[in-house]
Amino acid sequence: MTITTAEENYLKAIFKIAEKEDKAVLTNSIAAAMNTAAASVTDMLKRLAEKQLIKYEKYRGVELTEDGNRLATTLIRKHRLWEVFLVEKLGFAWDEVHDLAEQLEHVQGEPLIDRLDNFLGHPRFDPHGDPIPDAQGRWTFRQQVRVSLLQPGEKGILTGVDDHATPFLQYLDQIGVALGIEIQLLDRTEYDQSVQVRISGKTEVTLSEKVAQNLLVIKG
Ligand SMILES: [Zn+2]
């Protein structure tokens, strides 16, 4: 069975929405994620259902089948391993790799990705802190908290970012925020929920609520 790049991207989108919403995925959510009209989503869903990669009932929504789930997991594995390779071995910055990985994830061939995984020493997280499923499709989960939910005085180590957009990551670079640094919440402004934080025990900065919501830390 051949699966096109577009079909792969839909599987990945469905997987990611299901992960967040924890129920059958609706056509409208897929249309929003893929930036396309609901009508073209319906066509695609029919094709994926014919290939038995999803279960699709018009008014209930979409669920991945076991095969669909395996394929989506593999795609995410490839995407994130390529991101590690681009950052660690080719010297790209963390805000430069997502679009390249979107292309590389579609290169076919299991031996290639297994060798890449070996070459990189089986990394468990990508440059944005997202978990990389292993060859058996197993994930490593961590108990992370959004900086926006910390109480004054609490601190944690930054382990992930929930937004991978280039402007966001470049902004973090500017203010000295990177994975592995310590962030302590000092105070919260009632008016707009912006937070004052101390970075690495030194610099103090104010973060908007939106920025704070997209920073994930392990408390400690
Ligand atoms: Zn990415």
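Throughout what follows, the structure given in this document is the object of discussion.

About the thresholds
- Residues numbered from 1 in each chain as written.
- Predicted model: local features only at pLDDT ≥ 70, side-chain atom pairs only at ≥ 80, totals over all residues.
- Heavy atoms only, no water.
- Pairing = 2+ DSSP bridges.
- Helix = DSSP H or I, 4+ residues; strand = E, 2+ residues; numbered from the N terminus.
- Buried < 20%, exposed > 50% of the residue type's maximum accessible area, 1.4 Å probe, protein only.
- Arc of directions from axis to C-beta.
- Contact = heavy atoms within 4.5 Å.
- Core = buried A, V, L, I, M, F, W, Y, C linked by side-chain atoms within 4.5 Å.
- Donors = N, O, S within 2.8 Å, 3.2 Å for Na, K, Ca; no water.

Inspection of the sheet shows strand S1 (residues 54-57) paired to strand S2 (residues 61-64) by four bridges, in the antiparallel sense. Each residue of the ladder has a partner; that of Ile 54, found in S2, is Leu 64. The turn joining S1 and S2, which pair antiparallel and follow one another in sequence, is formed by three residues.

Right, let's talk about helix H2 (residues 27-34) for a bit. In an α-helix there are 3.6 residues to a turn, and that puts residues three or four apart on one side. Inspection of H2 places Thr 27, Ile 30 and Ala 31 among the buried residues, and these make up the whole buried set. Buried residues of H2, viewed axially, fall in a sector of 100°; they line one side. Facing away from the buried surface of H2 by more than 90 degrees, the exposed residues are Asn 28 and Ala 32. Contacts made by the buried residues of H2 are with helix H1 (5-21), helix H3 (38-50), S1 and S2. One or two residues past the end of H2 sits Asn 35, with phi positive at roughly 60°.

As a further point, take the nonpolar core. Counting residues in hydrophobic clusters, the biggest one holds 22 residues, and the most contacted among them are Val 147, Leu 172, Val 177, Val 197, Leu 207 and Leu 215. Going through the elements one at a time, strand S4 (155-161), helix H7 (166-174), strand S5 (182-188), strand S6 (195-199), strand S7 (203-207), helix H8 (209-213) and strand S8 (215-219) are the ones with two or more residues in this core. Leave out the neighbours within four places in its chain, and Leu 172 touches Trp 94, Val 161, Val 177, Val 211 and Leu 215. Met 44, Leu 53, Tyr 56 and Val 62 belong to the second-largest nonpolar core, a separate cluster that totals 21 residues.

This part is about the coordination of the zinc ion. Within the first shell, the zinc ion binds the protein through His 79 (NE2), Glu 83 (OE) and His 98 (ND1), at distances of 2.0 to 2.1 Å. Read in sequence order, the donor residues coordinating the zinc ion give the pattern H-x3-E-x14-H. Of this pair, Glu 83 sits in helix H4 (residues 66-88) while His 98 sits in helix H5 (residues 98-104); the two residues are 15 residues apart in sequence, bridging distant segments of the chain. Taking the relative accessible area as the measure of exposure, His 98 reaches 26% and is therefore partly exposed.

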